[in-house]
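Chain and residue survey
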Amino acid sequence: MLDWLIVGGGPQGRHVGACLRRAAPAAAIAVLDDRPALAAWRRRADACGMRFLRSSGAHHLGRRADALRRFAADHGFDDSHHLGYYRRPSRALFEAHAEQATAGLDHIATRAQAIEPAAGHWRIAAADEPPLRARRVVLALGPNAPDRPAWGGAAEHVFDAGFRADTGPAGARVAVVGGGITGAQLALSLAATGRDVCWVTRSAPRAADFDSDPCYAGAKCLAPFARLPIADRSAALAAARLPGTLPPDVMARITAALAAGEIAWRRGEVTAQDDAGLRLADGRRIDADRVILATGFEPRPRANSLPGATIARLGLSSDATGHLHLDDTLEAAPGLHVVGRPASLQLGPMAGNIRGARLAGPRLAAIAAAEDGPLARRA
């Protein structure tokens, strides 16, 4: 039996696993994911043409605050891999450091199909494998399914599993729908390959260094947030988050591309899609051979997904936007912990980001350290 099983091998799961391993070297800890480490992260970053992370250089998967800076110096990553005042890392730098920082974790290459409580442990049904047993489980499953507007059932989504930006003829007319960083990066990436790109947004582009108030990276805002009643935290999260904004470098690039005529821009509400393209609420049409959605992820897990089925089976409660009601150890039920965006009511608006992983890791590591290695010793 495992002491800890982390379900999900993305940045959140890998960082939590590394924190647990350092806190309890003798414990039986594994990460379960049917894909290689960080594979889903890399696929999403490739799909939208990400060059630099939006996170500060202080937010990474290492142990020390200066770990990424030291790694860059030791491995030949020069200043071209750091961007702006916050020293935002390039993808290449972040991913190389992430591999080193989370190396050595046991990886179970299968997919979890169901999680059920048993006598003093959790039973995890896995695809093509005998059931696994773990005394503690951490759900680190990453984003929910891609979010599609009501009209967009026939459109591609940049975060669909099989999405490829480089399909179709180079001169194809492509409409990219979505005004946030993903849509802007995708529009720029497609324009660079010779596509005729129209970027469609509901509002004018807005600049912001991060996708939430940076005060929530530390105690100045997190401490008063933690003192709020749970019922008041959802409103605080909504006020702190800055969805649909662009960091300065992406804003500068998209502004230059619009000014040069390399990308067209239409502001409006899309109401329909047909074979010829899109129709806006004011009657305007946008001709397009291909429509790609960059509209983010659904706020709540689908009922047939692993988190959705687990929530229903255990009767877990959440707010209206899918944030689970957890205690301060990120526990949803005895021995079942949750990290990532669903843990926002405990970790704040950055819960789903790299900073959120760094906030979650020490909380879970404290439990592992207190239990002093394998829990079986305490039986």
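The structure contained in this document is the topic of the report that follows. No experiment lies behind these values; they were computed from the predicted model shown.

**Brief notes about the overall build of the protein chain**
Looking only at helices and strands, the protein chain has 11 helices and 20 strands in total. Taking 379 residues into account, the globule formula puts the C-alpha radius of gyration at 21 Å, and the protein chain, at 21 Å, falls close to it. In the protein chain, buried positions account for 49% of the 379 residues. Put simply, 68% of the contacts in the protein chain that link residues at least 6 apart link residues at least 24 apart. Summed over its atoms, the accessible surface of the protein chain is roughly 17,000 Å², and 52% of this surface lies on carbon and sulfur atoms.

**Topic: the packing of aromatic side chains**
Scanning all chains against the criterion turns up 6 aromatic pairs. Consider the rings of Tyr-216 and Phe-225, whose centres lie 6.1 Å apart with planes at 85 degrees: the pair is edge-to-face. With respect to class, Tyr-216 is no different from Phe-225; both count as buried. Taken together, the aromatic side chains of Tyr-85, Tyr-86 and Phe-210 make up a single cluster linked through ring pairs. Across the ring face of Phe-225, the terminal group of Arg-233 is positioned such that the distance to the ring centre comes to 5.6 Å.

**Side note on the state of the cysteines**
Each disulfide consists of one covalent bond between the sulfur atoms belonging to two cysteines. The tally for this structure, following the rule as stated, stands at 1 disulfide. The disulfide partner of Cys-215 is Cys-221, and the gap between their sulfur atoms is 1.9 Å. Taking the sign of the torsion about the S-S bond as the criterion, the disulfide between Cys-215 and Cys-221, at about 100 degrees, is right-handed.

**So, unusual backbone geometry**
Most of the time, phi is negative for any residue but glycine, and the peptide bond is trans. Within the chain, Leu-38 stands out as a residue other than glycine whose phi angle is a positive 65 degrees. Within the secondary structure, Leu-38 is located in the loop between β2 (29–32) and α2 (39–48). Residue Leu-38 is classed as buried on the basis of its relative accessible area of 4%. Even without a glycine there, the phi angle at Arg-87 is positive, about 55 degrees. Residue classification places Arg-87 among the partly exposed residues on the basis of a relative accessible area of 38%.

**Notes on the sheet that holds strand β14 (residues 263–267)**
As a general point, the strands of a sheet are linked pairwise by backbone hydrogen bonds and lie either parallel or antiparallel. Taken in spatial order, the 5 strands line up as β9-β18-β10-β11-β14 in an open sheet, and their pairing is parallel. Edge positions in the sheet fall to β9 (156–157) and β14, since each has one partner strand and no second. Sheet strands touched by helix α5 (residues 181–192): β10 (173–177), β11 (196–201), β14 and β18 (290–293). Its angle to β11, the strand with the most contacts, is close to 170 degrees. Lying over the sheet, helix α8 (residues 248–259) contacts β11 and β14, oriented at roughly 100 degrees with respect to β14.

**Brief notes about the nonpolar core**
For soluble globular proteins, nonpolar side chains are generally found buried alongside one another. Grouped together as the largest cluster of nonpolar side chains are 50 residues, with contacts concentrated most on Leu-5, Val-7, Ile-124 and Val-137. Non-local contacts of Ile-124, meaning those with residues more than four positions away in its chain, are made with Leu-5, Ala-112, Ala-114, Ile-115, Pro-131, Leu-132, Ala-134 and Val-137. The next biggest cluster of nonpolar side chains, apart from the first, holds 24 residues, and it includes Ile-181, Ala-184, Met-251 and Ala-294.

**A look at the pattern of salt bridges**
Following the criterion strictly, the structure yields 22 salt bridges and no others. A salt bridge links Arg-87 to Asp-79, with the shortest nitrogen-to-oxygen separation between them at 3.4 Å. The salt bridge involving Arg-173 is made with Asp-289; its shortest N-O contact spans 2.9 Å. Linking Arg-173 in strand β10 with Asp-289 in the loop between β17 (285–287) and β18, this pair joins segments that are 116 residues apart in sequence. Sharing partners across several salt bridges, the network here consists of Arg-42, Asp-46, Arg-91, Glu-95 and Glu-99.

**Describing α8**
With 12 residues, α8 extends 16 Å from end C-alpha to end C-alpha; this agrees with the ideal 16 Å at 1.5 Å per step. Of the positions making up α8, those classed as buried are Asp-249, Val-250, Met-251, Ile-254 and Ala-257. Just downstream of α8, Gly-261 is the residue with a positive phi angle, here 75 degrees.

**Things to note about the environment of Ile-311**
Note on placement: Ile-311 falls in helix α9 (residues 306–314). Each C-alpha atom of the pair Ile-311 and Ala-332 lies 9.2 Å from the other, and the pair is 21 residues apart in sequence. Other than its neighbours up to four places away in sequence, Ile-311 contacts Pro-301, Leu-316 and Leu-324.

**Re the packing of α5 against α8**
Where α5 meets α8, the closest approach of the two axes is 10 Å, and the angle between their N-to-C directions is 50 degrees. The angle between α5 and α8 places the two elements in the oblique class. As α5 runs across α8, the sense of the crossing is left-handed. Taken together, the residues of α8 that come into contact with α5 (itself represented by Ile-181, Ala-184, Gln-185, Ala-187 and Leu-188) are Val-250, Arg-253, Ile-254 and Ala-257. Considering only residue class, the contact of α5 with α8 consists of 7 nonpolar, 1 polar and 1 charged.

Conventions used here
Residues numbered from 1 in each chain as written. Predicted model: local features only at pLDDT ≥ 70, side-chain atom pairs only at ≥ 80, totals over all residues. Heavy atoms only, no water. Helix = DSSP H or I, 4+ residues; strand = E, 2+ residues; numbered from the N terminus. Rg over C-alpha atoms; globule rule 2.2 N^0.38 Å. Buried < 20%, exposed > 50% of the residue type's maximum accessible area, 1.4 Å probe, protein only. Contact = heavy atoms within 4.5 Å. Areas by Shrake-Rupley, 256 points an atom, 1.4 Å probe, with all protein chains shown as cover. Phe/Tyr/Trp six-rings, centres within 6.5 Å; stacked < 30°, edge-to-face > 60°. Lys NZ or Arg CZ within 6 Å of the ring centre and 35° of its normal. Disulfide = S-S within 2.5 Å. Pairing = 2+ DSSP bridges. Axes fitted to C-alpha atoms, helices over the stretch in contact; angles between N-to-C directions. Core = buried A, V, L, I, M, F, W, Y, C linked by side-chain atoms within 4.5 Å. Salt bridge = Lys/Arg side-chain N within 4 Å of Asp/Glu carboxyl O. Expected span 1.5 Å × (residues − 1). Parallel < 35°, antiparallel > 145°, perpendicular 65-115°, else oblique. Left-handed = near helix turned anticlockwise from the far one by under 90°. Nonpolar A, V, L, I, M, F, W, Y, C, P; charged D, E, K, R; others polar.

Remember, this is a structural readout, not a statement about activity or role.
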